Amino acid sequence: MKNLKIGQKLQLYVLFLSVVVFAAAIGYISLKNRERALRDTSEIVNGYAANYAENISNSFSEDMAVVRTLAQVFDVHKELPKNTWNPLFVKMYRKVFENNPHFYALWDSWEYSHINPDWSLPHGRFLNYHFRKNGDIGYQELERSLDGDPPLYAMARNSGKEMIWEPYPDQLEEGATGTTLMTTFTVPMFHNNNYIGLVGLDITLARLQQMISDISPFDDSYAFLVSHKGLYAAHPVTSFLEQPLTTNLLNDNDEHRIMERIGRGEAFSFTSNKEKNEYYYYSFAPVFVGQTQTPWAMGMAVPVKHIREEARTHFIISILIGIVGLLILAFVISLLAKKISKPIRKITGLMKKLAKGQIDKSMILDISTKDELQEMAEAFNTSITGLLEKTKFASEIGKGNLDAELHLLSEEDVLGQSMQEMQNDLEKARQEEKARQEETRIRNWATEGYAKFAEILRNYNDNLEDLAFEVIRNLVKYLDANQGGLFILNDDEEHHRYLELKGCYAYDRKKYQEKVIEPGEGLVGTCYLEGKTIYMTDIPQSYIRITSGLGDENPNALIIAPLLYNEKVYGIIEVATFNGFKPYQIEFIERIGESLAATVSSLKINLKTAALLEVSQQQAEEMKAQEEEMRQNMEELNATQEEIARKAAEMQGILNALDSSSYTIEYDLQKKIINISDSYLGLLQLSRRDAIGTHHSDKLILTPDQKENYDRFWEDLMNGKIRNQRVKVDIKGTLFWLDETYAPILNQNGNVYKIFKIAYNITESKNQVEQYKQEIDVLKKKIREMQRQN
């Protein structure tokens with residue numbers, strides 16, 4: 001046995017089993033009585049019922065599959081507007097209708113509450129309704145349930161599942177005298193778990209009625225079809241149609257629970273004489289339709305007497321046929337064993353090659369046995385073809401061709417799906433890498449640009465014209481644009497600000513243009529007022545022209561960006577190009593504008609600081625000249641002190657007093673005191689309240705020359721000049737001499753807004769000098785007399 005081939009084993013096993021089974025069957029049948037024959041025949045009846053039930057179930061399930069497929073296809077409606085998907089669905093209906101001539105009506109029902117956002121009622125729907133009329137296919141768009149859902153539709157809607165409706169009569173064509181029993185298949189449609197409608201198919205039961213009427217495997221036997229709720233859907237006696245089963249089998253229903261067992265989808269049988277006063281054998285087989293939970297039942301009724309006669313006949317015939325069959329079986333098995341074993345051996349050899357990793361087109365099998373062996377060969381060929389395609393696909397992927405296509409063998413092709421997922425992951429990685437490279441290129445481009453313009457801003461931060469030209473020249477080149485201009489805000493005059501073109505560049509050449517734009521004037525002025533970037537791709541013909549030696553043309557894109565720093569606009573950048581600007585280039589221009597604005601702000605502050613420094617230096621030089629004058633006076637005084645040594649100590653005290661005694665006072669432009677030092681108040685013997693607001697000339701004793709030049713003196717101060725004078729002051733009858741220095745104080749705009757005076761009390765020194773002069777004159781006279789005497 002171990003060394004036998006598969007063909008020999010098959011012959012031996014089958015023949016042995018056949019002989020054993022046949023002998024056992026003959027012995028068993030011989031021992032059984034006629035009731036056994038009855039039961040055997042009953043099984044035949046049950047088989048008939050089950051077979052016909054399966055045929056009806058397959059027919060119904062095929063129709064239900066069409067409805068289910070349409071319901072699933074219609075799920076794409078949410079991706080399209082109604083005026084797009086509805087015509088497509090109508091065309092699809094017609095095509096399906098043409099391919100299924102037994103369909104009576106094919107329709108869908110859409111809830112208004114789903115397709116019309118303004119619909120507020122819980123009912124109301126519209127239908128696409130295809131039907132047959134006079135042999136032609138008709139179509140209507142209908143509205144239904146505007147006042148509420150009818151019971152059948154409400155039941156289908158509320159179930160939320162596939163349904164086969166109970167049989168109902170319907171008049172097929174207008175004017176027809178009779179009605180035809182029909183049923184309807186419905187499949188609901190949902191969106192986000194919300195009911196939105198259903199697809200329905202109406203079919204007549206006429207062909208089933210014809211089929212049921214033709215079923216009579218035994219004399220006086222008949223078949224019938226019963227719905228889930230026990231209505232006759234088909235019966236040889238047409239008056240029974242749409243009538244309850246319990247009308248004929250009421251007592252049997254109570255005894256055998258017929259309706260309950262039909263509802264559960266059971267196959268069952270029983271014998272009864274309650275219908276025709278003759279014993280009939282009833283066999284019921286369930287008819288399942290798609291995924292519905294409401295099975296129908298196929299029933300057969302056979303007179304028991306015919307079953308027994310048939311059973312006896314079958315018993316005798318079966319013995320004769322069995323003997324002949326064994327002989328034929330032995331011969332056929334021998335042929336089949338050889339026919340089966342040969343392709344199996346071939347497939348086994350190829351499977352061994354495949355197990356070693358070998359695969360090529362020569363492994364394709366050519367077996368046409370039209371049985372499981374052919375199916376096995378075709379499945380093997382499909383696997384080989386799929387593996388070859390996957391091998392080629394993997395090779396293409398390995399070469400970097402991520403656009404290669406791979407066709408799956410089926411939805412369960414796990415290897416193919418995995419390879420497609422690998423392809424998708426590689427493609428996704430490639431796209432991400434491209435995106436990263438592009439992002440890196442943009443980042444490097446921007447970083448290099450920021451560094452380049454930072455260097456320009458550092459190198460040209462002391463000259464506004466050079467800075468403007470270098471920035472716009474390099475910006476136009478860096479952006480690969482065609483021309484550009486840089487406007488800087490001129491705010492030298494507080495009440496007249498305007499934008500001045502400081503730099504213009506086009507086609508690698510510096511443009512010498514002078515242009516002034518007022519705030520709010522044109523796009524540049526508007527950009528200044530709004531402080532926001534303006535980007536245009538639809539540029540008016542008269543706005544700007546790009547001119548070269550070959551002609552001139554209107555640019556395709558224009559960007560106008562403010563130089564914005566600390567929410568203040570310092571100027572405008574305007575760049576035009578034929579190529580357009582990408583978002584990162586616009587962001588780059590705005591960032592450069594911010595940096596340039598900060599530099600311009602700093603440059604303007606430096607220029608103003610330089611101007612103030614120049615004024616300060618001038619004032620310092622004037623003070624230095626005054627100090628030089630005082631120094632010369634001190635030298636003269638020292639010379640006098642050298643001649644009069646005895647007065648040196650006293651003279652030094654006067655100088656110390658002069659250094660320590662000074663008075664300060666501030667005047668407004670109306671020459672009135674607005675601030676005064678405490679030492680000055682002590683000298684004037686006034687309180688601060690009395691002194692504030694006093695005119696400059698109060699208590700002054702001016703010389704005729706000072707009176708004559710008094711207005712000119714103050715005019716010089718108003719013009720920013722520092723003046724010095726010595727004046728005599730009468731304070732409550734006491735005369736004081738003051739050495740005064742007046743310095744104009746400027747505001748941030750360079751205008752004089754007050755006068756600062758520092759004064760020294762030189763009354764004592766003035767009096768002592770006079771005394772010294774008198775003593776010197778006396779000494780000179782004595783010296784001249786002594787010279788004359790000698």
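Here, every reference points to the structure presented above.
So, how was this worked out
- Residues numbered from 1 in each chain as written.
- Predicted model: local features only at pLDDT ≥ 70, side-chain atom pairs only at ≥ 80, totals over all residues.
- Heavy atoms only, no water.
- Helix = DSSP H or I, 4+ residues; strand = E, 2+ residues; numbered from the N terminus.
- Buried < 20%, exposed > 50% of the residue type's maximum accessible area, 1.4 Å probe, protein only.
- Areas by Shrake-Rupley, 256 points an atom, 1.4 Å probe, with all protein chains shown as cover.
- Phe/Tyr/Trp six-rings, centres within 6.5 Å; stacked < 30°, edge-to-face > 60°.
- Lys NZ or Arg CZ within 6 Å of the ring centre and 35° of its normal.
- Core = buried A, V, L, I, M, F, W, Y, C linked by side-chain atoms within 4.5 Å.
- Contact = heavy atoms within 4.5 Å.
- Pairing = 2+ DSSP bridges.
- Axes fitted to C-alpha atoms, helices over the stretch in contact; angles between N-to-C directions.
- Patch = residues over 30% accessible without salt bridge, like charges linked within 9 Å, V, L, I, M, F, W, Y side chains within 5 Å.
- Salt bridge = Lys/Arg side-chain N within 4 Å of Asp/Glu carboxyl O.

**Remarks on the overall build of the chain**
Part 1 of the reasoning: Across its full length, the chain holds 20 helices and 27 strands.
Part 2 of the reasoning: Split into buried and exposed, the 790 residues of the chain put 38% on the buried side.
Part 3 of the reasoning: Total accessible area computed for the chain in this model is approximately 45,700 Å², and 51% of it derives from carbon and sulfur atoms.

**Description of the packing of aromatic side chains**
What describes a pair of aromatic rings is the distance from one ring centre to the other and the angle between the planes of the rings.
Part 1 of the reasoning: Under the criterion given, the structure shown has 33 aromatic pairs.
Part 2 of the reasoning: Ring centres of Phe60 and Trp296 lie 5.8 Å apart, and the angle between their planes is 90°; on these two criteria the pair is classed as edge-to-face. Taken together, the residues span a long stretch of sequence, with Phe60 in helix α2 (residues 34-73) and Trp296 in strand β12 (residues 296-303) at a distance of 236 residues. Summarising the burial analysis for this pair, Phe60 and Trp296 share the class buried.
Part 3 of the reasoning: A connected cluster of aromatic rings, assembled from ring pairs, spans Tyr222, Phe224, Tyr232, Phe240, Phe268, Phe270, Tyr280, Tyr282 and Phe284.
Part 4 of the reasoning: Stacked on the ring of Tyr153, the Lys or Arg Arg125 has its end atom at 3.5 Å from the ring centre.
Part 5 of the reasoning: Cation over ring: Arg132 sits above Phe97, and NZ or CZ is 4.3 Å from the ring centre.

**What to know about the nonpolar core**
Part 1 of the reasoning: Ranked by size, the top nonpolar core spans 47 residues in total, and within it Phe60, Phe185 and Met298 carry the most contacts.
Part 2 of the reasoning: Residue contributions to this core peak at nine residues, all from α2.
Part 3 of the reasoning: When near neighbours in sequence (up to four residues on either side) are disregarded, Phe60 contacts Ile164, Phe185, Ile203, Leu205, Leu208, Val287, Val289 and Trp296.

**Let's talk about the environment of Gly531**
Part 1 of the reasoning: With respect to the element layout, Gly531 can be found in the loop between α13 (522-530) and β17 (534-536).
Part 2 of the reasoning: A C-alpha to C-alpha distance of 8.2 Å links Gly531 and Glu567, two positions 36 residues apart in sequence.
Part 3 of the reasoning: Among all residues touching Gly531, those that are not within four sequence positions of it are Pro562, Leu564 and Val569.

**Points about the pairing of strand β10 (residues 268-272)**
Part 1 of the reasoning: Across the two faces of β10 the burial differs, with Phe268, Phe270 and Ser272 buried and Ser269 and Thr271 not buried at all.
Part 2 of the reasoning: Strand direction decides the pairing type here: β10 and strand β11 (residues 280-287), joined by five bridges, are antiparallel. Following the sheet pairing, Phe268 is matched in β11 by Phe284.

**Considerations on the sheet that holds β12**
Part 1 of the reasoning: Strand order in the open sheet formed by five strands is β9-β8-β12-β11-β10, and the pairing between neighbours is antiparallel. For this open sheet the edge positions go to β9 (232-234) and β10, each flanked by a neighbour on one side alone. The average undirected angle you get between the axes of adjacent strands in this sheet is 30°.
Part 2 of the reasoning: As defined by bridge partners, β11 adjoins β12 across eight bridges and the pair is classed as antiparallel. When the sheet's bridge partners are listed, Ser283 is paired in β12 with Met300.

**Quick notes on the sheet that holds strand β23 (residues 673-676)**
Part 1 of the reasoning: A sheet is described by the order of its strands in space; here six strands give the open sequence β23-β22-β27-β26-β25-β24, paired in antiparallel fashion. At either end of the open sheet lies a strand with only one pairing partner, and these are β23 and β24 (700-701).
Part 2 of the reasoning: Bridge count for strand β22 (residues 663-667) against β23 is three bridges, and the pairing is antiparallel. Each residue of the ladder has a partner; that of Glu666, found in β23, is Asn675.

**A word on a nonpolar patch on the surface**
Part 1 of the reasoning: On the surface, a cluster of nonpolar side chains totalling about 590 Å² of accessible area is made up of Leu12, Tyr13, Phe16, Leu17, Val20 and Val21.
Part 2 of the reasoning: Its location among the elements puts Leu17 in helix α1 (residues 6-31).
Part 3 of the reasoning: With a relative accessible area of 51%, Leu17 lands in the exposed category.

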